[in-house]
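Next come the chains, spelled out residue by residue.
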Amino acid sequence: MRKPPETKRYHTLTDELSTRYGKKTFKIALDGSFTCPNRDGAKGTGGCAFCSLRGSGDFAGDRTRQLADQFSERLALMKRKWPDGKYIVYFQAFTNTYADPKHLQELYESAINLDPDIVGLNVGTRPDCLDDAVVAVLKELASKTDVTVELGLQTIHPGTQAAMNLCYATDDFDDAVVRLRSARIPVVAHVIDGLPDETPEMMRETIRHVAALGVAGVKIHMLHVMNGTAVGARYAADPFPLLTLTEYVSIVCDQLELLPPDVVIHRLTGDAPAALLIAPEWTKKKFVVQNEIDKELRRRDTRQGSKATRSL
Ligand code: SF4
């Protein structure tokens, strides 16, 4: 495999995809009209405390429209800027494996066949919604396209998991990663820094844990305190301390140093709709956050993997 170009001191998704597909490659977020077992009572009610009303899919397509229409609308926007790209269809909003396996298979198949330039399928889900039948569907799909599962973890700490009403445990995450890896499906772990009452060391422990499990990628972002969420209501009633930009940058650089160099860094910033975001304000300036992370790694003269103990 060709070595990815070194545009950063960490292994970015952009570089990984350009190397793999030879072209600029975009994710196109589609909404498959899923719900979530942490909202409908199957696992819990009210959802994760930070989750927005759109199930963390605020930038996905319009769920009232057909997949083909959602895709073509996004594609037209992309093509204005990059007429010649490749595409990964991404089911992001809510829990995208929470349905009958036959329905999942048909939905995923229809998505990957929307356009000849689609090279992959990303499925975002909870770790407790991946039984063997669902994994078998994903494995079958993986013989036709590049399938990746994006798995919410957020934190390995039970106290925070309970406070954030996640309604799954670290064991669920570990079990899902092991079974997906044995089906040769890469896993991207989602982690949130700055959850209430977590120390920097707790955040580093979460990253050490996912690194030891052999995930293929990570997404890290700062907790967004948003209107319409339980976290937002808690913050409004009794504001709790949030990480400053400097603190966040320092923790993320620690975490990058702990991750093996071959783990793909999908994201180090998040998107919260401006109309919903209460705090922290600095998360709106994604380029500033990214630049500060780059500057801090240069200042330390370290890079992703400088303190890692494992390689994939
Ligand atoms: S599992 Fe995902 S969709 Fe469900 S409540 Fe939590 S963040 Fe939202």
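Before any of the text, the structure's been laid out above.
Residues numbered from 1 in each chain as written. Predicted model: local features only at pLDDT ≥ 70, side-chain atom pairs only at ≥ 80, totals over all residues. Heavy atoms only, no water.

Take the site of the ligand next. Neighbouring the ligand are 10 residues, the closest being Cys36, Gly47, Cys48, Cys51 and Arg126. Class assignment for the residues of the shell around the ligand results in 4 nonpolar, 4 polar and 2 charged. (Near = heavy atom within 4 Å. Nonpolar A, V, L, I, M, F, W, Y, C, P; charged D, E, K, R; others polar.)

This next bit is on helix 7 (residues 200-213). In this model helix 7 runs 20 Å from its N-terminal to its C-terminal C-alpha over 14 residues, within 8% of the 20 Å that 1.5 Å per residue would give. Residues Met203, Thr206, Ile207, Val210, Ala211 and Leu213 constitute the buried set of helix 7. For helix 7, the buried positions fall inside an angular range of 165 degrees around the axis, keeping them on one side. Of the surrounding elements, those touching the buried residues of helix 7 are strand 4 (146-154), helix 6 (170-182), strand 5 (187-193), strand 6 (217-222) and helix 9 (245-258). One or two residues past the end of helix 7 sits Gly214, with phi positive at roughly 85 degrees. (Helix = DSSP H or I, 4+ residues; strand = E, 2+ residues; numbered from the N terminus. Expected span 1.5 Å × (residues − 1). Buried < 20%, exposed > 50% of the residue type's maximum accessible area, 1.4 Å probe, protein only. Arc of directions from axis to C-beta. Contact = heavy atoms within 4.5 Å.)

Right, let's talk about empty space enclosed by the protein for a bit. Counted under the stated rule, the structure contains 1 cavity of 30 Å³ or more. Size it by volume and the largest cavity reaches roughly 50 Å³. The wall of the largest cavity is formed by Met222, His224, Tyr248, Leu268, Thr269, Gly270, Trp282, Thr283 and Val289. Taken together, the residues of the lining of the largest cavity break down into 5 nonpolar, 4 polar and no charged. (1 Å grid on protein atoms, 1.4 Å probe; cavity = no way out; pocket = protein on both sides within 12 Å on 5 of 7 lines; lining within 4 Å. Points joined across faces, edges and corners; volume = space filled by probe spheres on them.)

Right, let's talk about the packing of aromatic side chains for a bit. The tally for this structure, following the rule as stated, stands at 6 aromatic pairs. For the ring pair Phe26 and Tyr87, a centre distance of 6.1 Å and an interplane angle of 25 degrees mean the geometry is stacked. You can see Phe26 sitting in strand 1 (residues 25-30) and its partner Tyr87 sitting in strand 2 (residues 86-91), a full 61 residues away along the chain. For the pair Phe26 and Tyr87, one class covers both residues: buried. Geometrically, the ring pair formed by Phe71 and Tyr87 is edge-to-face, given 6.3 Å between the ring centres and 90 degrees between the ring planes. Placement of Phe71 in helix 2 (residues 67-81) and of Tyr87 in strand 2 is noted, with a sequence separation of 16 residues between them. Of the residues examined, Phe71 reaches a relative accessible area of 3% and is grouped as buried. By relative accessible area, Tyr87 is classed as buried at 0%. Three or more aromatic residues joined by ring pairs form one cluster here, namely Phe26, Phe71, Trp82 and Tyr87. A cation over an aromatic ring shows up here: Lys24 above the ring of Trp82, its NZ or CZ 5.0 Å from the ring centre. The residue whose ring lies beneath Lys27 is Tyr90, and the NZ or CZ to ring-centre distance is 4.5 Å. (Phe/Tyr/Trp six-rings, centres within 6.5 Å; stacked < 30°, edge-to-face > 60°. Lys NZ or Arg CZ within 6 Å of the ring centre and 35° of its normal.)

This brings us to the layout of surface pockets. Its volume calculated, the second largest pocket comes out at about 560 Å³. Surrounding the second largest pocket, 29 residues form its lining, Glu16, Arg20, Thr148, Pro186 and Ala216 being those nearest its centre. Within the residue set of the lining of the second largest pocket, elements represented by two or more residues are helix 1 (13-21), strand 3 (118-125), strand 4, strand 5 and strand 8 (264-267). In terms of residue count, helix 1 provides more of the lining of the second largest pocket than any other element does, 5 residues in total. Class assignment for the residues of the lining of the second largest pocket results in 15 nonpolar, 7 polar and 7 charged.

Take the packing of helix 6 against helix 7 next. When two helices pack together, their arrangement is given by the angle between the helix axes and by the axis-to-axis distance. The interhelical angle for the contact between helix 6 and helix 7, taken along N-to-C directions, is 25 degrees, at an axis separation of 10 Å. For the element pair helix 6 / helix 7, the angle class is roughly parallel. For helix 6 against helix 7, the interelement crossing comes out right-handed. When helix 6 is examined against helix 7, the residues Thr170, Phe173, Asp174, Val177 and Arg181 are found in contact with a partner set consisting of His209, Val210 and Leu213. (Axes fitted to C-alpha atoms, helices over the stretch in contact; angles between N-to-C directions. Parallel < 35°, antiparallel > 145°, perpendicular 65-115°, else oblique. Left-handed = near helix turned anticlockwise from the far one by under 90°.)

Omega for the peptide link from Ala279 to Pro280 comes to -10 degrees, which places this bond in the cis form. Relative to the assigned elements, Pro280 resides in the loop between strand 9 (277-279) and helix 10 (286-300). Positive phi outside glycine occurs at Phe94, with the angle close to 60 degrees. Positive phi, close to 55 degrees, is recorded for Asn165, a residue that is not glycine. Residue classification places Asn165 among the partly exposed residues on the basis of a relative accessible area of 24%.

In this section: the state of the cysteines. Under the defined criterion, the tally for this structure stands at 0 disulfides. Between Cys167, a cysteine without a disulfide, and Cys48, which holds the nearest cysteine sulfur, the sulfur-to-sulfur distance is 7.3 Å. (Disulfide = S-S within 2.5 Å.)

This part is about the packing of helix 7 against helix 9. The interhelical angle for the contact between helix 7 and helix 9, taken along N-to-C directions, is 25 degrees, at an axis separation of 9 Å. When the interaxial angle is binned, helix 7 and helix 9 end up roughly parallel. The hand of the helix 7/helix 9 crossing is right-handed. Contacts from Pro200, Met203, Arg204, Ile207, Arg208 and Ala211 in helix 7 reach Ile251, Asp254, Gln255 and Leu258 in helix 9.

All we've got here are geometric facts, nothing functional implied.
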